[in-house]
Amino acid sequence: MADGQRTSSADGTTDGKNDVDTSNAKAQRTAVTAEERAAAWDASGSATQQQPADQPLTDEQIEAKLSYADIQRRKSRPRFWLLFLVSLLVALIAPYGIGRWLALNRTDRLVTMLSSIDPRGIALLSWSVAVFCMVSLFMAFLDNMRVKWTAAFLVFLGCVQFISGFCLLKTRFWFSTYAVYGSAAGAANAANVGILAAAVGLAVFAVLYVVILIAVKKTSPLNVLTEDWAALIMFWTIEVAALLISIFSILRMFA
């Protein structure tokens, strides 16, 4: 009797365990099936929201995936800056050397050419080249050193250096120009006066602009002068005034 009771109780315990294992297995299969369905649903939803593989990413999307260091490294452009510095040195040295060589070795041809030109026209030409050199440099900085503005700045800078070379621009240039060109020194002096007028106009504009930034309050109506378009108008006004003063007043001393 005792053995029979033990056998029946053991069988009941085994059946209970089997039922528990069966229910656990069913629950696991149900959970796995639910997870697979959810994963398949997420995959189908993300696939519909993804962009086509052939569509390029915008700059904002690229920068959103990059760190701050990667963004700064991407914007640094070391090759561009190296090429810019080399080109800047070439534009500063080579045209000035060529112009000075022409002044000292082809003096007769330059005297013949300068004698037939009105000094006021020479002053206007040199002033224009110098001012456009400055404007192209400003635009290059405002436009993140875009290639077209940078190239324009280097070209105009080379022209300014060439004019400075064959007109012997330096401190007390009138002595050098008279020693080299003689009676035709007035045209060379006019070119130097035009370049110096542009430089003085730039200096006056820079000082005035800084004073406006410091002294004028943001609530003042004069604060409009700090806007880009207003600053550009003020720059051209000062430069034109410097040109007129140099042509009708200062140029008479060197003509």
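Analysis parameters
Residues numbered from 1 in each chain as written. Predicted model: local features only at pLDDT ≥ 70, side-chain atom pairs only at ≥ 80, totals over all residues. Heavy atoms only, no water. Salt bridge = Lys/Arg side-chain N within 4 Å of Asp/Glu carboxyl O. Helix = DSSP H or I, 4+ residues; strand = E, 2+ residues; numbered from the N terminus. Contact = heavy atoms within 4.5 Å. 1 Å grid on protein atoms, 1.4 Å probe; cavity = no way out; pocket = protein on both sides within 12 Å on 5 of 7 lines; lining within 4 Å. Points joined across faces, edges and corners; volume = space filled by probe spheres on them. Nonpolar A, V, L, I, M, F, W, Y, C, P; charged D, E, K, R; others polar. Patch = residues over 30% accessible without salt bridge, like charges linked within 9 Å, V, L, I, M, F, W, Y side chains within 5 Å. Areas by Shrake-Rupley, 256 points an atom, 1.4 Å probe, with all protein chains shown as cover. Core = buried A, V, L, I, M, F, W, Y, C linked by side-chain atoms within 4.5 Å. Buried < 20%, exposed > 50% of the residue type's maximum accessible area, 1.4 Å probe, protein only. Phe/Tyr/Trp six-rings, centres within 6.5 Å; stacked < 30°, edge-to-face > 60°. Arc of directions from axis to C-beta.

A. Spotlight on the pattern of salt bridges. Per the stated rule, a full pass over the model turns up two salt bridges. The closest approach of N and O atoms between Asp143 and Arg146, which form a salt bridge, is 3.4 Å.

B. Looking closely at the environment of Ser164. For Ser164, the location among the structural elements is in helix H7 (residues 147-166). Sequence separation of Ser164 and Gly97 is 67 residues, and the distance between their C-alpha atoms is 9.6 Å. Not counting residues within four places of it along the chain, the set of residues in contact with Ser164 comprises Tyr96, Leu169 and Ile195.

C. How the structure looks around the layout of surface pockets. By volume, the largest pocket is sized at about 280 Å³. Forming the walls of the largest pocket are Val135, Phe138, Met139, Leu142, Phe205, Tyr209, Thr226, Asp228, Ala231, Leu232 and Phe235. Breaking the lining of the largest pocket down by element, the ones donating at least two residues are helix H6 (119-142), helix H9 (185-215) and helix H10 (228-250). Counted by class, the lining of the largest pocket contains nine nonpolar, one polar and one charged residues. The calculated volume of the second largest pocket comes to roughly 180 Å³. Along the wall of the second largest pocket there are 13 residues; nearest its centre are Ala130, Leu157, Val160, Gln161 and Ile195. Elements that contribute at least two residues to the lining of the second largest pocket include exactly helix H4 (78-105), H6, H7 and H9. Top contributing element to the lining of the second largest pocket by residue count: H7, with four residues.

D. A nonpolar patch on the surface, seen in detail. On the surface, a cluster of nonpolar side chains totalling about 280 Å² of accessible area is made up of Leu82, Val86 and Val90. Tracing the backbone through its elements, the reader meets Val86 in helix H4.

E. Structural detail: the nonpolar core. Counting residues in hydrophobic clusters, the biggest one holds 49 residues, and the most contacted among them are Ile163, Phe166 and Tyr181. Those elements that provide at least two residues to this core are H4, helix H5 (107-115), H6, H7, helix H8 (173-181), H9 and H10. Counting residues per element, this core draws most heavily on H9, which supplies eleven residues. Residue contacts for Tyr181: discarding those within four places in its chain leaves Ala103, Thr107, Leu110, Val111, Leu114, Phe166, Cys167, Leu168 and Ala188.

F. Quick peek at the side chain of Asn192. As for its position among the elements, Asn192 is in helix H9. Once residues within four sequence positions are removed from consideration, Asn192 is found in contact with Cys167, Leu168, Leu169, Phe173 and Thr177.

G. Broad picture of the packing of aromatic side chains. The final tally for this structure, using the stated rule, is eleven aromatic pairs. Between Phe80 and Trp81, the ring centres sit 5.7 Å apart and the planes meet at 75°, which makes this aromatic pair edge-to-face. On the basis of relative accessibility, which here comes to 33%, the residue Trp81 falls in the partly exposed class. Site record: aromatic cluster; members linked through ring pairs are Phe132, Phe138, Phe156, Phe205, Tyr209, Phe235 and Trp236.

H. Quick look at the side chain of Ser136. For Ser136, the position within the fold is in helix H6. A residue is classified by how much of its surface remains accessible, and Ser136, at 2% relative accessible area, is buried. For Ser136, the residues in contact, after removing those within four places along its chain, are Trp149, Ala152, Phe153 and Phe156.

I. Spatial organisation of H8. If you check which residues of H8 are buried, you get Phe173, Ser176, Thr177 and Tyr181. All buried residues of H8 lie within an arc of 100° about the axis, which places them on one face of the element. What points out from H8, more than 90 degrees from its buried face, is the exposed set Phe175, Tyr178 and Ala179. Lining the buried residues of H8 we find H4, H5, H7 and H9. Just downstream of H8 lies Gly182, where phi reads positive at about 65°.

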